[in-house]
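Below are the chains, spelled out letter by letter.
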Amino acid sequence: MPNTLIIANCEVVKPRVTAAEHTSQFNEEAQSPFVKKCKTLIHPGEVNRIRELPQCTNIVATHTDSPDVLIWDWAAQPNRHPVIGASESIPDVMLTGHTDNATEFALAVCPAEPFVISGGRDNNVVMWSMQDALVSLYRQDTTSYWQLRHSERSSFTRKESVKIAPRGIFKGHDAAVEDVQFCPSSAVEFCSVGDDSCLIFWDLRSGNTPSVKVERAQQADLHCVDWNAHDTNLILTGSADNSVYMFDRRNLTAGQVASPIHKFEGHTAPILSIQWCPNRASVFASAAEDGILNIWDYDKVGNNKRTERAKARPAPPGLFFQHGGHRDKIVDFHWNPLEPWTIASISDDVASTGGGGTLQIWRISDLIYRPEEEVIADLTKFKEHLTQCGPSEAPKSSN
């Protein structure tokens, strides 16, 4: 089957309303009634990472197995049927500038300005402005696309992609760049990590050379990085050494040696993705090749008050939840910024199933992250309710 970029609508069900009969009849091979595809694009080459432009949510950037980053206005693209031999969809914009293939996951968009950055196997970080792309699109489509009503744009067929040159190429890594991330509060600061085990900070005001470089930030290749939106001094890195490091950018090294605030060790395989929780400043998640997605809370590190639940099942400091629903390595995930404690995660199941992957949308039960005293009070109240109900009055839903 051809590579595809799929746009879907998902109905996120309310917390704690799962019907018992629905749970008992669950069939993972069946199409979920809560996820409905609304558009399919046939993607040129692999789709390794997707990032949405915050300033215009119908614009997405994709990383593929080529030097170019592709930009799609998915709302304006025609819907396609993914059959063998079908022609590829034509991206609206191609961002050029890498001299070798882009790495699978090094792609980020800026929350403050419409900028896109990418890392490549050419050891470079490349940045583009989507404003340049919009200007070029407007000039090319003055007599075609932009004169159509929005409802008519889906039938417009683009003949070729607009190619955009980079605003800047940043050199400082000695090996492939594996991940990049903008500072959440700045359009001129970003960071990158790579196979050279370096964590590099960049500032557009300082030119195209690193503003800060942390050599040997971890004990192996660095695969991912994320920047805390609530406290921009906090940085996370994930590595092939199976661990996650937390850094304070005000104190990155001690005696020219990387000095993390804490090391989080709870995976048995290389880390592939990390992301801070958008709703809790101290919470983040990590996903790895072991097929596990861990939820961590830095505030719980060093907390000597151990609950009965924690005593019954010892865990690494800070770890308070594990999602083990995937069969194989989790290559990407994302917190839902509007639905607290809700995550979409995707795994590459080729090794275990022979093809394809799995997208899972799930929410952590509030009984897990709420204070234990509140949970016990709730469960006691529910137990009393069940005791008072007769067999015929007992609720039919599972809490």
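Residues numbered from 1 in each chain as written. Predicted model: local features only at pLDDT ≥ 70, side-chain atom pairs only at ≥ 80, totals over all residues. Heavy atoms only, no water.

If you check an unreviewed UniProt entry, the protein appears there as WD-40 repeat-containing protein MSI4 from Rhynchospora pubera.

Colleague: Break down the pairing of strand E12 (residues 177-182) for me, with residues and values.
Modeller: Each regular strand shows side chains that alternate between the opposite faces of the sheet. Burial of E12 is extensive: 5 of the 6 residues sit out of reach of the surface. Here E12 pairs with strand E13 (residues 189-194) via 5 bridges, running antiparallel. The partner of Phe182 across the bridge, within E13, is Phe190. With antiparallel pairing between neighbouring strands as the criterion, E12 and E13 make up a hairpin whose turn holds 6 residues. (Buried < 20%, exposed > 50% of the residue type's maximum accessible area, 1.4 Å probe, protein only. Helix = DSSP H or I, 4+ residues; strand = E, 2+ residues; numbered from the N terminus. Pairing = 2+ DSSP bridges.)

Colleague: Could you give an account of the packing of aromatic side chains, naming the residues involved and the relevant values?
Modeller: Under the criterion given, the structure shown has 15 aromatic pairs. Measuring from centroid to centroid gives 4.3 Å for Trp341 and Tyr369, while their planes differ by 10°, and the two rings are stacked. Within this pair, whereas Trp341 is found in the loop between strand E26 (330-335) and strand E27 (342-348), its partner Tyr369 is found in helix H5 (residues 366-369), the two being separated by 28 residues in sequence. On the accessibility criterion, Tyr369 (24% relative accessible area) is partly exposed. Through successive ring pairs, a cluster of aromatic residues spans Phe264, Trp276, Phe284, Trp296 and Tyr298. Lying across the ring of Phe320, Lys300 places its NZ or CZ 5.9 Å from the centre. (Phe/Tyr/Trp six-rings, centres within 6.5 Å; stacked < 30°, edge-to-face > 60°. Lys NZ or Arg CZ within 6 Å of the ring centre and 35° of its normal.)

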